[in-house]
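Below are the chains, spelled out letter by letter.
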Amino acid sequence: MAEGSLLSDELLRHLMAVGQVDVLVGVPTLNNASTIGGVVNAVHQAFGKYFPRDRTVLINSDGGSVDGTQDVIRGRSQDQTETVTVSHALRTTHSISTPYHGVPGKGSALRQIMTAADLAQAKAVAVLDADVASATPEWVASLVQPVRNQQFDYVAPIYSRHPLDSPLITQLVRPLFRAASGWQVREPLAAEFGCSNRFLAHCLEQNVWDNELARYGIDLWLTATALYGGFRCCQTMVGPRVAAAAPGRPGFREVFQQVVGSVFLLLEQQASSWVTRVGSEQIPIAGPAADGKGDGQAPGVSRLGSTFRDDLRNLESVLRAILGEGTLRELNAIAEAGVEEIRYPDALWVRTVYEFMGAFHRGVMRREHVTQALIPLYLGRTGSFLVEQSSRNPAEVEGALEALCVEFERAKPSLVQYWNQAT
Amino acid sequence: MAQMIADAVSQATRNFVDSLAIFLPKLVTTISIIVVGWLIAIVLRTAVRTVLRWLSFNAWAERSGVASLLKSAGLPVADVAVGAMVFWLVFLGFLLSGIDVLGFPALQGLLAGFAAFVPRLLVALVILIVAFVVANFAWRATLLAAVNARIPSPRLLSGAVRWLILILAGAMALEQIAVARTVVLTALAIAFGAVMLGIAIAFGLGGRGIARRILEHQFPERERSGVDEISHL
Amino acid sequence: MNGAANGSADPDLLWYRDAVIYQLHVKTFADSNSDGIGDFKGLTGKLDYLRDLGVDCLWLMPMYPSPFRDDGYDIADYYSIHPSYGTLDDFREFLDAAHARRLRVVTELVLNHTSDQHAWFKQARSARDDPRRDWYVWSDTDDRYSGVRIIFLDTERSNWAWDPQSKAYYWHRFFHHQPDLNYDNPAVREEMWKVMSFWLELGVDGFRVDAVPYLIEREGTSCENLPETHAVIRWLRSQLDAHFPGRMLLAEANQPPELVRPYFGEGDEFHMAFHFPLMTRMFMAVRLEDRKPLVDVVERTPEIPATCQWGIFLRNHDELTLEMVTEIEREFMYEEYARDPVSRLNLGIRRRLAPLLEGDRRRIELMNGIVMSMPGSPIIYYGDEIGMGDNIYLGDRNGVRTPMQWTGGWNAGFSTADPERLAQPLISNPLFGYQAVNVESQLRADHTLLNWMRRLVSVRKSSHVFSRGSTTFLKPANHRVLAYLRTLGKEQVLVVCNLSSSAQAVELDLRSLAGALPIEMFGKSMFPRIGELPYILTLGPYDFFWFRLRRV
């Protein structure tokens, strides 16, 4: 391999053989042998069914799997997908599996896929996560077609799911990102996306790839880059997302820290783009519109118990450094008010998040500690919301989530204030 | 007799004048060294403060907890404090070397003692500061981890961690400046032993629950809290 | 029965396996008597041209008397020559002149149907009890064989047509003026053998048998490829082998190769059959810049008996058929090759080779290079050797049957008649018109398509490996490169084609051939000796190489 090259000689040889392509699907993997087969099948079926005339390639960028993930992909060579004659691709379909080099993490995998796509002059690129058990050929189609047919540059998926599901997204990431950035993205953290050649060339020029965001925050960074960069963005329905349970997956606390840390970090790095924005804009939906109800089941919720109050007491000395006095007092008040069932109102939650973001930015303590200190509050808020909404129908819950977003937007001036205090 | 007295006086006068002639330049030198030292110390203080401010040292101090330590001790903010320290160290150095020029043997002894003591003092100081930062960090890390992992009595646990580090560092600092070494060592050994014994007993008697929970956390069957059961992402 | 089926008996009996065939229409080839219609005297005068082109065999399209409602495929008399083309004596003269130049002659034999102007049909419809009545397929209703597809979708609505004279329906698989003969009637079979014997006696070397799959009808079937049809063919073949060894039968069965395979039987039915899907897939592959469709179809093609051969071609007198492809493939072909809806006919594209390839010399050469190196006997459609154009506005398939362009002068040298009298109007557009594209001008320069085609045919004929060798695809990772190895005994030829419009590099795994020295067959230049490492070649746009692999 040439010094400093992102692509190995072997990969370059493969790309030379593949040549120019119309549709490139990238799948980053790390020990996904159990699920990768399904994803690869879905991709090949999509090639045959939706892009029979296009030049297609599947590129797997592997972070050093030891469970035979790469063998699964290599095993599915170009000729083995000839199962359905009606939806048979006219052209040779290539599958490439290659290890990536550099900083471990999704960022390096994406960088390799994008560099390959740039070399192959792919007109449209879709990236799928290897652990999605529910990926179908339609996923690929929905992510690629807006780029191929409607000249969109970036396509974010909308997963259909129950509005009470994924509270980390609905309570924190989505409203915060919406209020801060001014864009109404349903899934700012989606691991899947579609994009154009123009967009990926722009991304490759940015210096995010060796940055700490590349490791856990690259999905969010891509969304933000597409929006701030003035690219044509849209969203598209893909169906329910079921991630396969895999051993060795990080636990909730680690995930929380990665996610919230990335969101805060990203907003900090791109502060100049959003601080002055007011309100928020919708992003068009390509293809059939979201029904808003979502499939999936409402998660069952048991009572929170008194952990919230205990946590508050235990963390008081830490929280004091982060939160304003008034906020801390109100938190204590709600903790005392309902021992069995706390009521954590929207406005207080928004203030909590903004003060945490300010503290993160000011650097009142190590940044991991700021995000860790948010966990008990997030759990309290989530528990409060779930209990409150569990008896309502999905449309009503959706309304409550929208109200939360609006509250985040309304209080944005205070965030800007915390922000400017620090700088 | 008178002549002798006159001679003695004139001799004394001459001697005095002679020693004055010898001493006065020394004094002038001493004073000028002290003045120059004072000026240099002021310049250095300003320089250090500027550099620290440029490195946003205060933010670091706040993050590491040093700032709150200074505040509670009634000292100025971090960069001012460091600047003052640099000022006094440099000024004292010049002061002493200025006095050295005068050549008083008693003062020279004191000077030698001071010169030997300053580095130790500095090392001890550094140990204390580092220890304080580390202890503070470890305390917060333990507290947050314990709270989030649902380990009972997180404050006790994290406090113990913090004080252990501080005590250890205190002992090391005292060791450095070698003040009443034996007494200090003995006292610390007793204190340390007591804490360890206390922890051992606490774990033995009351810690079965904690141990069980720690194990449960390591090999979770199902997470405990209701909110933990849902998929957050 | 057969000396012919035994390959070792007399190699000359198997001449068709190594032949390069030239397909022409007497009507539009050369006119000797200024009536605007080509004739056998005119054709005889052009035989030297055909010999110089290097072909071995001429396939003449129907020259029988006919009302010409299907360009002669509606035969009105099997025993004579259409008066416009000359007399039987003219034909004999032509045959002798061709044989003297070692050119064999294959004529058309339409077994399935006659014209409704044929005496047999006139008699059959005259009365329900006429002895000839049973020579055709009659019915009182039009709902028999209801599951059978209609071939000429654009013009016919049913396979049954009403005969007002005898008040009954008659069966026709093609146009309604082409009633199907009834091969369940032994008298029809005997008569057809008589027809064949008549022409074989004259010296004809074989027949191209039209519309083979449809001879017999049975209720509840598709009425195509029935076992009874095969029985008729086997009987005709046994008669042929018994009386005229060394003559050849070529089947026209527009079917996928696995369905055509039965027409070779055990070497006891047809000697040759057309490979229709190969033709379609060649066009598809070049347009897709991907070898997949071509490799697929060749690998799907079953083995055929040693005495048999595929007839392979780029274009013929019919539309470029898209019957045997999937919906997606057809859509692709239409969009890429027939943007103009006028050029679409039935399920196909009525265009000649050069206009299909937009006159791109490099692609024309590539396509010819592929078809000349594939297993089978290649067929050149008249005019394609000089890159003639077409006229899609002439209706039906007449647009690809315009007069041969001999010179840039009067009527393209085809006829001295008034232009208005010509059987078909000439192509006269600036790109493909006879002033620009004609034999005379192409003979004057060395680098013209015609001279290039002559070289191609001669290189092709320099070795039997192309006609008889086995074929192995190499499948390098670069799908734009088509590479295959033809092997016959010790002789080996490596063909490498760049199907794309851009330069390509390819790494071939030739370890099994290590030590061989590739010699490019057109320029005889040596290439680096093959070793253990991947063999790297670079090819310009639509480039192709034929390497003879020598061991030295």
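Residues numbered from 1 in each chain as written. Chains lettered and ligands numbered in written order. Predicted model: local features only at pLDDT ≥ 70, side-chain atom pairs only at ≥ 80, totals over all residues.

Draft legend 1. Seen up close, the overall build of chain B. Broken down by element type, chain B carries seven helices and zero strands. Shown N-terminal to C-terminal, the secondary structure of chain B runs as helices and strands in the order α-α-α-α-α-α-α. Within chain B, buried positions represent 16% of all 233 residues. Within chain B, residue pairs in contact and separated by at least 24 positions form 67% of the contacts whose partners lie at least 6 positions apart. (Helix = DSSP H or I, 4+ residues; strand = E, 2+ residues; numbered from the N terminus. Buried ≥ 20, exposed ≤ 12 C-beta atoms within 10 Å, placed from the backbone. Contact = placed C-beta atoms within 7 Å.)

Draft legend 2. Representation of the overall build of chain C. When you go through chain C residue by residue, the secondary structure sums to 15 helices and 21 strands. The C-alpha radius of gyration of chain C comes to 24 Å, within 12% of the 24 Å expected for a compact globule of 552 residues. Counting only residues that meet the buried cut, chain C has 51% of its 552 residues in that class. Put simply, 69% of the contacts in chain C that link residues at least 6 apart link residues at least 24 apart. (Rg over C-alpha atoms; globule rule 2.2 N^0.38 Å.)

Draft legend 3. Inspection of the interface of chain C and chain A at higher detail. Taken together, the contact between chain C and chain A spans 14 residues of the former and twelve residues of the latter. Looking at the side of chain C that touches chain A, the elements with two or more residues in it are helix H8 (276-288), helix H9 (292-300) and helix H10 (327-337) of chain C. Looking at the side of chain C that touches chain A element by element, the count peaks at three residues for H10 of chain C.

Draft legend 4. Seen up close, the pairing of strand S1 (residues 21-24) of chain C. Residues and elements named next belong to chain C. Taking every second residue as pointing to the same face, both faces of S1 are buried, with Ile 21 and Gln 23 on one and Tyr 22 and Leu 24 on the other. Of the pairings in the sheet, the one linking S1 to strand S2 (residues 57-60) comprises four bridges and is parallel in character. The partner of Tyr 22 across the bridge, within S2, is Leu 58. Sheet analysis places S1 next to strand S14 (residues 377-381), joined by three bridges and oriented parallel. Of the residues in S14, the one forming a bridge with Ile 21 is Ile 379. (Pairing = 2+ DSSP bridges.)

Draft legend 5. Local environment of the pairing of strand S5 (residues 160-163) of chain C. All names here are of chain C. For S5 and strand S6 (residues 168-171), the ladder comprises four bridges, and the chain directions are antiparallel. Note that in S6 the partner of Trp 162 across the bridge is Tyr 169. Linking two consecutive strands that pair antiparallel, namely S5 and S6, is a turn of four residues; a positive phi of about 50° is found at Lys 167 within it.

Draft legend 6. Examining the interface of chain B and chain A more closely. Contact residues are listed per partner, giving 20 residues for chain B and 30 residues for chain A. Residue assignment for the side of chain B that touches chain A shows that the elements contributing at least two residues are helix H2 (57-64), helix H5 (105-148) and helix H6 (154-177) of chain B. Among the elements that make up the side of chain B that touches chain A, the one with the highest residue count is H5 of chain B (seven residues).

Draft legend 7. Region of interest: the sheet that holds S6 of chain C. All names here are of chain C. Taken together, the three strands give an open sheet; going across it, the order is S4-S6-S5, and neighbouring strands pair in antiparallel fashion. Edge strands, defined here as strands with exactly one partner in the open sheet, are strand S4 (138-139) and S5. Judged from the two bridges that link them, S4 and S6 form a sheet pairing that is antiparallel. For Trp 138, the partnering residue across the bridge sits in S6 and is Tyr 170.

Draft legend 8. Fine view of the arrangement of the chains. The assembly contains two pairs of chains in contact; the pair sharing the most contacts is chains A and B. Over all C-alpha pairs, chain B and chain C never come within contact, reaching a minimum spacing of 40 Å.

Draft legend 9. Region of the structure containing helix H14 (residues 449-461) of chain C. For H14 of chain C, built from 13 residues, the straight-helix expectation of 18 Å at 1.5 Å per residue is met to within 8% by its first-to-last C-alpha distance of 18 Å. Of the surrounding secondary structure, the elements contacted by the buried residues of H14 of chain C are helix H2 (47-53), helix H12 (361-371), helix H13 (439-444) and helix H15 (465-468) of chain C. (Expected span 1.5 Å × (residues − 1).)

Draft legend 10. Examining helix H1 (residues 2-54) of chain B more closely. Residue and element names in this part refer to chain B. In a regular helix each residue adds 1.5 Å, so 53 residues correspond to 78 Å; H1 covers 74 Å between its end C-alpha atoms and thus fits that length. In terms of burial, H1 is a largely surface element, four of the 53 residues being buried. Taken together, the buried positions of H1 are occupied by Ala 41, Arg 45, Val 48 and Leu 52. Once H1 ends, the next one or two residues include Ser 56, with phi positive near 45°.

Draft legend 11. Geometry of unusual backbone geometry. Phi at Gln 121 of chain A is positive, roughly 50°, even though this residue is not glycine. The topology assignment puts Gln 121 of chain A in the loop between helix H4 (106-119) and strand S4 (124-127). The exposure class of Gln 121 of chain A is partly exposed, given the 14 C-beta atoms found within 10 Å. Of note in this structure, Asp 71 of chain C is not a glycine but carries a positive phi near 50°. Position of Asp 71 of chain C relative to the elements: it lies in the loop between S2 and helix H3 (88-100).

Draft legend 12. Structural view of the packing of helix H15 (residues 367-389) of chain A against H5 of chain B. At a closest axis distance of 9 Å, the pairing of H15 of chain A and H5 of chain B adopts a crossing angle of 30°. In terms of their interaxial angle, H15 of chain A and H5 of chain B are classed as roughly parallel. You can see that H15 of chain A and H5 of chain B cross each other, and the crossing is left-handed. Contact residues: His 369, Gln 372, Ala 373, Ile 375 and Pro 376 of chain A in H15 of chain A; Arg 140, Ala 141, Leu 144, Val 147 and Asn 148 of chain B in H5 of chain B. (Axes fitted to C-alpha atoms, helices over the stretch in contact; angles between N-to-C directions. Parallel < 35°, antiparallel > 145°, perpendicular 65-115°, else oblique. Left-handed = near helix turned anticlockwise from the far one by under 90°.)

Draft legend 13. Structural context of the nonpolar core. Of all hydrophobic cores here, the largest spans 303 residues; its most connected members are Ala 273 and Met 282 of chain C. When near neighbours in sequence (up to four residues on either side) are disregarded, Ala 273 of chain C contacts Leu 250, Ala 251, Ala 253, Val 260, Tyr 263, Phe 264, Trp 310 and Gly 311 of chain C. Among the nonpolar cores identified, the runner-up in size contains seven residues, and Val 48, Ala 61, Ala 67 and Ala 78 of chain B belong to it. (Core = buried A, V, L, I, M, F, W, Y, C linked by C-beta atoms within 7 Å.)

Draft legend 14. Region of interest: the sheet that holds strand S12 (residues 344-345) of chain C. The three strands are arranged S11-S13-S12 (chain C) in an open sheet whose pairing can be described as antiparallel. The sheet terminates laterally at strand S11 (320-321) and S12 of chain C, the two strands that pair on one side only.

Draft legend 15. A look at the confidence of the model for chain B. Residues and elements named next belong to chain B. Residues at a pLDDT of 70 or more form 83% of chain B, whose mean pLDDT is 78. Ranking the elements of chain B by mean pLDDT puts helix H7 (residues 181-218) last, at 68, and H1 first, at 86. Residue range residues 220-226 is modelled with pLDDT below 50. Its contacts to residues more than four positions away, or to other chains, number ten contacts. (pLDDT = per-residue confidence, 0-100.)

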